[in-house]
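Remarks on the overall topology
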Amino acid sequence: MTVVFKVSENILPLILEFYKDRMLDKKPPYSVFQVKEYDCVITLYESGKIMFQGVGADIEASYWIEEERIKNGRIINLDGSEKKKSSEKIFFNENTIGSDEVGTGDFFGPIVVTATYVSKENFDFLTELGVRDSKKITDEKIKKIAPQIIKKIPYTTFMLSNSSYNKNWSEDLNMNKIKAILHNKVLTNMKNKNYAYDKIVVDQFVYPAKYYEHIKDAKEKVKDITFTTKAEDKCLSVAAASIISRYIFLNEMEKLSQDIGFNLPKGAGPLVDETGIKIVKKYGFNKLYEIAKMNFKNKDKIKSGLK
C-alpha cells in the first residue's frame, strides 16, 4: 500500500522532530529523509510531499492525516485525494444530534465516542459554558464544565477498551472503520429515543460513501447524516459530544495511571515509548495489551528500546 500527500507547513516541524532519530544515512534523490520501519517506509520529499509505503502505510499515515485534520481542517483520504474547503452551513438555528470521538490517536487508553442531542432551548446554556471543540479547551476546563453538560444534555457514550480493540483489530478493520462503526452505534441509540431533531451531524473523517460502506454490516444504520469538516465549531451537539468524550477519556486515563503506577501520557510520541518501556520492564510485555493499542508503531519502538 502507498499513501502520498503534501504536508502543511505547521505539520512539517512535527514530522521532522518525530522521525529525527530514525532517519537513514542514505536517502533517495530530492528527498529530505527516509525512514524504514519493519512494515513501512516513510519518505519526505523536498516538494513537501510525504510517502508511506508498505503493509503498515495506512496506520503510519493516519496519525499525520489526523494531525492535518485537527490543526488545519484538511480531510485527506488514504488514496491521497483531499476534500476541498467549501462554505458549509453552521447549525446554530437547528435542533441537532451530533457525535464525536476521542482516543483514536492515543497509544494508551480507550476510544470513547459520544452522541448528544442539543435543542435550540439549550443553546444559551452551552454557549455561556464556552462549549466548543474539546481539542481547543484545556483539560482543567473540560473537567469543570463536562459534569454540568452531562446533567442537562441528553447523551449516550460507548467506550471501546484496549482489550476489546486489540482482540478485534485486523487489517480489514482500520481506524476509520472502527470510528464509523462506533459513531453509528451511538447515533442509532440517540435516534431511537425519538428526539425532535432537524439534523444529525458528524465531523467528516472519510467521504460519506466510505463511511456507509464501513457500517454496511450493522443491524441498524443511521443514514440521514450531514457530514461537515470542523463540525465541533459549527454544531453545538458535536462540540458537547467532543467534551463529554474527552472528559470520560481523561477519567479513564487517570484510572489506568493509578492502576499501573505510571502517569500515562497522551498521544503517540517519544514520551509514550519511554513510558511503555518502563511498564514492560515492571509488568511484562503482555500488560500493554490491557492499556494500549497494540497495532500502533509504538509497540515496535518499545520492543526495540528493551534490547
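Residues numbered from 1 in each chain as written. Predicted model: local features only at pLDDT ≥ 70, side-chain atom pairs only at ≥ 80, totals over all residues. Heavy atoms only, no water.

Considering the pairing of strand β4 (residues 49-53)
Short version of the rule: Here, strands pair whenever DSSP counts at least two bridges between them. Strands are runs of DSSP state E lasting at least two residues, helices are runs of H or I lasting at least four, and both sets are numbered from the N terminus onward.
Here five bridges tie strand β1 (residues 2-6) to β4, and the two strands are oriented antiparallel to one another. The residue bridging Thr2 from the neighbouring strand is Gln53, located in β4. Examined bridge by bridge, strand β3 (residues 41-45) and β4 share four bridges and lie antiparallel to one another. Along β4, the bridge assignment pairs Leu44 with Ile50. Where β3 hands over to β4, the hairpin turn is made up of three residues, of which Gly48 adopts a positive phi near 100 degrees.

Quick word on the sheet that holds strand β2 (residues 31-36)
In plain terms, the rule: Axis angles are defined between N-to-C directions and span 0 to 180 degrees, where every axis is a line fitted to C-alpha atoms and, for a helix, only to the segment in contact. Throughout, a residue-residue contact means that at least one pair of heavy atoms, one from each residue, lies within 4.5 Å.
Within the open sheet, the four strands sit side by side as β1-β4-β3-β2. Their pairing is antiparallel. Two strands in the sheet have a free side with no partner beyond their single neighbour: β1 and β2. Neighbour-to-neighbour, the strand axes of the sheet open up by a mean angle of 10 degrees, direction not taken into account. Against the sheet, helix α1 (residues 12-19) touches β2, β3 and β4, its axis set at about 45 degrees to β2.

Quick word on the packing of aromatic side chains
Rules: Ring pairs shown here join Phe, Tyr and Trp side chains whose ring centres sit within 6.5 Å, with only the six-membered ring taken for Trp; geometry is labelled stacked below 30 degrees between planes, edge-to-face above 60, and tilted in between. Only protein chains enter the accessibility calculation, which uses a 1.4 Å probe; a residue whose area is less than 20% of its type maximum is buried, one above 50% is exposed, and one in between is partly exposed.
If you walk through the whole model with that rule in mind, you get 15 aromatic pairs. For the ring pair Tyr19 and Phe33, a centre distance of 5.7 Å and an interplane angle of 40 degrees mean the geometry is tilted. On the criterion of sequence distance, the pair formed by Tyr19 in helix α1 and Phe33 in strand β2 is long-range, its members being 14 residues apart. Under the relative-accessibility criterion, Tyr19 is labelled buried at 0%. The class for Phe33 is buried, based on a relative accessible area of 1%.

What about helix α4 (residues 139-152)?
The condition that has to hold: To estimate the expected span of a helix, count its residues, drop one, and scale the result by 1.5 Å. The bend reported for a residue corresponds to the angle between axes fitted to the seven residues ending at that residue and the seven starting there.
With 14 residues, α4 extends 20 Å from end C-alpha to end C-alpha; this agrees with the ideal 20 Å at 1.5 Å per step. The largest bend in α4 is about 30 degrees, located at Ile145, with the proline Pro147 one to four residues further on. Turning to α4, the residues buried within the fold contact α3 (123-129) and α9 (236-260).

Here we look at the layout of surface pockets
Selection criterion: Every definition here rests on a 1 Å grid over the protein atoms only: cavities are sets of points where a 1.4 Å probe fits but cannot get out, pockets are open sets enclosed by protein on both sides within 12 Å along at least five of seven lines, and lining residues have some atom within 4 Å of a point. Grid points are joined across faces, edges and corners, and a volume is the space filled by probe spheres set on the points. Amino acid classes used here: Ala, Val, Leu, Ile, Met, Phe, Trp, Tyr, Cys and Pro are nonpolar; Asp, Glu, Lys and Arg are charged; the rest, including Gly, are polar.
Its volume calculated, the largest pocket comes out at about 790 Å³. What lines the largest pocket is a set of 41 residues, and nearest its centre among them are Asp58, Ser62, Leu78, Met175 and Asn176. Listing elements by their share of the lining of the largest pocket, those giving two or more residues are α1, α2 (57-72), β5 (75-76), α6 (175-191), α7 (208-214) and α12 (298-305). When residues in the lining of the largest pocket are grouped by element, the largest group, nine residues, is from α2. A per-class count over the lining of the largest pocket returns 16 nonpolar, ten polar and 15 charged. Empty space within the second largest pocket amounts to approximately 440 Å³. For the lining of the second largest pocket, the elements supplying multiple residues, two or more each, are α2, β7 (96-102) and α9. Considering each element in turn, the lining of the second largest pocket owes the most residues, six residues, to α2. Residues of the lining of the second largest pocket, tallied by class, amount to three nonpolar, six polar and ten charged.

Considering the packing of α4 against α9
Test applied: Less than a right angle of anticlockwise turn of the near helix away from the far helix marks a crossing as left-handed, whereas a clockwise turn marks it as right-handed.
Two elements in contact, α4 and α9, have axes whose closest approach is 9 Å; the angle formed by their N-to-C orientations is 115 degrees. α9 is crossed by α4, and the crossing has left-handed handedness. Taking contact as the criterion, the partners of Asp139, Ile142, Lys143, Ile145, Ala146, Pro147, Ile149 and Ile150 in α4 are, on α9, Ala240, Ile243, Ile244, Arg246, Tyr247, Leu250 and Glu254.

A look at the environment of Lys193
Threshold: For this analysis, a polar contact is any N or O atom pair within 3.5 Å, provided that within protein one partner can donate a hydrogen and the other can accept it, and provided that sequence-adjacent residues contribute only side-chain to side-chain pairs.
For Lys193, the location among the structural elements is in the loop between α6 and β10 (199-203). Judged by its relative accessible area of 41%, Lys193 is partly exposed. Taking the C-alpha atoms as reference points, Lys193 and Pro154, 39 residues apart in sequence, are found 9.9 Å from one another. Side chain to side chain, Lys193 and Asn189 meet in a polar contact 3.5 Å long.

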